[in-house]
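Summary of the model geometry
For reference, the chains in residue letters:
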Amino acid sequence: MEAEFIVISGPLLGERFPLGPAEVRIGRAPTAQIRLAEAEAAWDHCVVRLREGRYRITDCHTGAGTYVNGMRATEHALEPDDQVSIGETVMVYREDTPAAAPDSPDHALLRACSLLFLLRAMALAQSGGHRATLEAQALRLIADIVPCEGGAILLGRDEDELRTAAREHASAADLESLAARVCREGAVMEPANRMIALALYVHGVLAGVLAAWFPVAQAVHLSDHRDTLSAVATLATAALETVREVTRLQSENALLIERLGTAQTGMVGQSAAIGKLVQMIARVAPQDTSVLVLGESGVGKELVARALHEQSPRASLPFVAINCAAITETLLESEMFGHEKGAFTGAVAQKKGKLEVAEGGTVFLDEIGELAPQLQAKLLRVLQQREFERVGGTRTMKLNVRLIAATNRDLAAEARRGTFREDLYHRLNVVALRVPPLRDRPEDIPALARYFLERASVRCHRRVTAIAPEAERYLVTYSWPGNVRELENAIERAVVLGQSDVLLPEDLPETVLESAQLPEIPGALQSSVTQTKRQLILTAWQESGGDHKQTAARLNIHPNSLRRLIRTLNLRDALE
C-alpha cells in the first residue's frame, strides 16, 4: 500500500512525505522524518507505524497534543483524507490505492477542506515553483475524487494572464489554446481527447481554469465527471474569493496604517524636506518650549502645530487655535483673555477666553505677525509671568499652556524695523520650524493629490478613483503659489466638475493648465492621444461651421467639457 502525508497548512505547506514500512517520527528532533519548527511541537511529538496493513499514528505525550480531524488523539488508525494537526502544521493523509474508497459525508467534508487549504495557498503563492508544487498536491487530491490521470490549474485575473500562466505551465498539452477556449465558452468537454476544462469565476469575473484528462476507460463517464469537477470548481472559487477578500483587507489595513502614520504627523509626502520636518517635530514635540512655525500661506502651518500637540504630553488636553488676522483688535483681546460681565457694551455675561479654555493644553496663534502692538505687550507678559486677567477683571489667572505661533512674515526683519516687538519675537522664537513651500517638494504632489482626491470623492459623493497621467504631469509642473491649500481646492474643484471616474486634465483649473510648463514626450502614447483629441475637435469644429454647441454635440460631450478641452489642448488660436 502506497500512502503519504501532504502538508496543506503551516511552514511546510506543499511538502509531501511518503509513508513506507519503517516508522516515521514527527517532531522537532533533527532525526525526525517529518521535522517541525513550531514551538507547539515536541522534540518527539508523535510516530506513524504500519500495523496489520494500516498506518497508525501514536501521540508521544510530550507536546501540546496530536489532533486528527479536530479531535485530540492518543492513537488513531489513519483513513484516507484524515487531517493531522500539530501546532500550525496540518497534513492530509492519502492512499494511492485505498482498499475501500470512503464516500461518507465526513470524508467528503475532509476532502473539501484539504482542497480549500491547498487552493487558497496556491492562490497566495508568490513564486512559480511553490505554486507548481501546491498545484501538484491539489491535483493528487482531485484525482482521489475523480479518476483523472492528469490535470492543470491556471490562475489569472484576465485572459492575458491565463494565457501567460498556460505558456509557463509544465504540461505538454496545448494549454494556451485551451485557456482561450475556456475564456470564450466557460466550459469545454472534448470526448475525443477525454478532457474537461472549466472556468473559475470570482464575483462573476474570470479568475482561473481547472482542467483534467481521463484514461480511455473513463471516456463514457465524462458527463458524470464533469458534474463532479463542477463541484470541485465551486470549491476552488470559494478559495479564490477568500484570497481576494484577504488581499483586499490586507490592502485596506496597510492603507489604514499609512493613514494612521499620516494622522500622527498630519503630513503627506516622502520628500527629504518633509522627512526632515517630521523628524524635527518628533524631537521638539515632547518638550514644553514655545515654537514658531514659519512658512508661506497655505503650506500647512496649523498641521505642524497640531502634530506638535498630538505628539506631546499635552495631547489629551485641548488644542485651541486663534487666528490673529481674522478678528479685530478689540474683539481679539476678549477672545484671547476672556471678559467679565459688563466689561464693555454687549458683555452681558462672563466669558472665558481661549487661553483659559486651553488650560493644560496647547494654544496656537496663527498669523502672529498681525497682532496689534498693544496685544503684543500683553502677550509678552503672559509668556513671561504665565498669568493674565480677563478684560474688565482684577483677578489674576494662572496659566499652564504651551504656546505655538505661526506666521508667513519675516518677523526678524519686522523686529529690526520696530513693527514687531523684538522681545516678544525672541520669546516666541525658542525653536523655529520652517514648512517648505510645495514648489520646493514637487515629488510630494502626486501623493498629496491622491490623498485630497480620496477625501473630495467622499465629501462630494462622487466615485473618482484615479488621476490620469497627463493630469498628474500638469499638477507636478505647476508652481502652486497657494501651496497645499491651492492644490486641495484644485482637486476638489476637479472632482465636482469632472464627468469621469478618472480625474482628467480638462477638469483642472484654468490657472493650472495655462501656467504649467508641460513638456511634450515625442512618440509617447499620451502624446498620440492628445494629438488625436486635437484633430477630432478641429474636424468637428470645421464641420459645425464654428458653432460651439454643434461641435460639442458632434463630439457627444457637454459644451463645458469642450471649453475645458480647448483650454487644455491650447486650441484657442487654431479655432479663431
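Our structure is the block above this text.
Computed from a predicted structure; not experimentally measured.

1. Digging into the side chain of Glu95
Along the chain, the position of Glu95 falls in strand E11 (residues 89-95). Arg54 provides the closest opposite charge to the buried, unpaired Glu95, separated from it by 5.6 Å. A distance of 2.7 Å separates polar atoms of two side chains, one belonging to Glu95 and the other to Tyr93.

2. Regarding the sheet that holds strand E7 (residues 67-68)
Ordered in space as E2-E1-E11-E10-E7-E8, the 6 strands form an open sheet in which the pairing is antiparallel. Since the sheet does not close on itself, it has two edges, and those belong to strand E2 (16-19) and strand E8 (71-72), each with one partner. Direction of pairing for E7 relative to E8: antiparallel, over a ladder of 2 bridges. In the sheet register, Tyr67 faces E8, and the bridge partner there is Arg72.

3. Here we look at the pattern of salt bridges
One pass over the full model with this rule turns up 31 salt bridges. As a salt-bridge pair, Arg94 and Glu4 come within 2.7 Å of each other at their nearest N and O atoms. Highlighted residues: Arg94 in strand E11 and Glu4 in strand E1 (residues 3-9), separated in sequence by 90 residues. The two residues Arg94 and Glu4 agree in class, both being buried.

4. Things to note about the packing of aromatic side chains
Two descriptors summarise a pair of aromatic rings, namely the distance from one centre to the other and the angle between the planes of the rings. For the coordinates displayed, the defined rule picks out 6 aromatic pairs. Ring centres 4.6 Å apart and planes at 80 degrees place the aromatic pair Tyr478 and Trp480 in the edge-to-face group. Just as Tyr478 is buried, Trp480 falls in that class too. Connected via pairs of aromatic rings, a cluster forms that spans Phe5, Tyr55 and Tyr93.

5. A short note on the packing of helix H13 (residues 445-459) against helix H14 (residues 469-477)
Contact geometry for H13 and H14: axes closest at 9 Å, N-to-C directions at 115 degrees. For the crossing formed where H13 meets H14, the hand is right-handed. In contact with Ile445, Pro446, Ala449 and Arg450 of H13, H14 contributes Glu472, Leu475 and Val476. Here the contact of H13 with H14 is built from residues that sort into 5 nonpolar, no polar and 2 charged.

6. A word on the sheet that holds strand E17 (residues 319-323)
Pairing in this open sheet of 5 strands is parallel, and the strands run E17-E20-E23-E16-E24 from one edge to the other. Lying at the two open borders of the sheet, with one neighbouring strand each, are E17 and strand E24 (431-434). Strand-to-strand twist of the sheet, defined as the mean angle between neighbouring strand axes without regard to direction, takes the value 20 degrees. Two elements, strand E16 (residues 291-294) and strand E23 (residues 402-407), share 4 bridges in a ladder whose sense is parallel.

7. Some details on empty space enclosed by the protein
One pass over the full model with this rule turns up 2 cavities of 30 Å³ or more. Reported here for the largest cavity is a volume of approximately 40 Å³. Around the largest cavity, the lining residues are Leu355, Leu379, Val382, Leu383, Arg386, Leu399, Val401 and Leu403. When residues in the lining of the largest cavity are grouped by element, the largest group, 3 residues, is from helix H10 (residues 373-385). Residues belonging to the lining of the largest cavity are distributed by class as follows: 7 nonpolar, no polar and 1 charged. Lining of the second largest cavity is provided by Leu119, Met122, Ile153, Leu155, Leu200, Ala236 and Leu240. Going through the elements one at a time, helix H1 (105-124), strand E12 (150-155) and helix H5 (222-265) are the ones with two or more residues in the lining of the second largest cavity.

8. Here's the deal with the nonpolar core
Residues Ile142, Ile153, Leu210, Phe214 and Leu229 are the most contacted members of the largest nonpolar core, which totals 37 residues. Listed by contribution, the elements that provide at least two residues to this core are E1, E11, H1, helix H2 (128-145), E12, strand E14 (195-202), strand E15 (205-213) and H5. In terms of residues, this core owes the most to one element, H5, which gives 8 residues. In terms of domain composition, this core takes at least three residues from each of domain 1 (1-99) and domain 2 (101-265). Beyond its immediate stretch of four places on either side in the chain, Ile142 contacts Leu115, Cys148, Ile153, Leu210, Leu229 and Val232. With 31 residues, the next largest nonpolar core counts Leu371, Leu380, Val382 and Leu399 among its residues.

9. Regarding the pairing of E23
The two faces of a sheet get side chains in turn, since along a regular strand they alternate between them. Burial analysis of E23 places 6 of its 6 residues in the buried class, the great majority of the element. Along E23, one buried face is formed by Arg402, Ile404 and Ala406 and the opposite face, lined by Leu403, Ala405 and Thr407, is buried too. In terms of strand pairing, strand E20 (residues 362-366) meets E23 through 4 bridges, oriented parallel. Within E23, the residue paired with Val363 across the bridge is Leu403.

10. Regarding the environment of Asp59
Residue placement: Asp59 occurs in strand E6 (residues 54-59). When residues no more than four places from it in sequence are discounted, the contact partners of Asp59 are His45, Cys46, Gly65, Thr66, Ala73 and Thr74. A polar contact is formed between the side chain of Asp59 and the backbone nitrogen of His61, at a distance of 2.9 Å.

11. Here we look at the environment of Asn323
Note that Asn323 resides in strand E17. Taking relative accessible area as the criterion, Asn323 reaches 33% and is therefore assigned partly exposed. Taking C-alpha positions, Asn323 is 72 Å from Phe5, a pair spaced 318 residues apart along the chain. With residues up to four places along the chain from it excluded, the contact list for Asn323 reads Asp366 and Glu367. Polar side-chain contacts of Asn323 include one of 3.0 Å to the backbone nitrogen of Ala325.

12. Brief notes about the environment of Ser312
Take Ser312: it is sitting in the loop between helix H7 (301-310) and E17. With a relative accessible area of 9%, Ser312 lands in the buried category. Dropping the residues within four chain positions of it, Ser312 is found in contact with Ala285 and Arg402. A distance of 2.7 Å separates a polar atom in the side chain of Ser312 from the backbone oxygen of His309.

13. A short note on unusual backbone geometry
Backbone geometry at His461 places phi at a positive 55 degrees, although glycine is not the residue there. Topologically, His461 is positioned in the loop between H13 and strand E25 (466-467). If you check the backbone angles, Asn483 has positive phi at about 60 degrees while not being a glycine. Tracing the sequence through the fold places Asn483 in helix H15 (residues 483-497).

Definitions and limits used
Residues numbered from 1 in each chain as written. Predicted model: local features only at pLDDT ≥ 70, side-chain atom pairs only at ≥ 80, totals over all residues. Heavy atoms only, no water. Helix = DSSP H or I, 4+ residues; strand = E, 2+ residues; numbered from the N terminus. Buried < 20%, exposed > 50% of the residue type's maximum accessible area, 1.4 Å probe, protein only. Lys, Arg positive; Asp, Glu negative; His and termini not counted. Salt bridge = Lys/Arg side-chain N within 4 Å of Asp/Glu carboxyl O. Polar contact = N/O pair within 3.5 Å; in protein donor to acceptor, adjacent residues only side chain to side chain. Pairing = 2+ DSSP bridges. Phe/Tyr/Trp six-rings, centres within 6.5 Å; stacked < 30°, edge-to-face > 60°. Axes fitted to C-alpha atoms, helices over the stretch in contact; angles between N-to-C directions. Left-handed = near helix turned anticlockwise from the far one by under 90°. Contact = heavy atoms within 4.5 Å. Nonpolar A, V, L, I, M, F, W, Y, C, P; charged D, E, K, R; others polar. 1 Å grid on protein atoms, 1.4 Å probe; cavity = no way out; pocket = protein on both sides within 12 Å on 5 of 7 lines; lining within 4 Å. Points joined across faces, edges and corners; volume = space filled by probe spheres on them. Core = buried A, V, L, I, M, F, W, Y, C linked by side-chain atoms within 4.5 Å. Domains from an automatic or database assignment.

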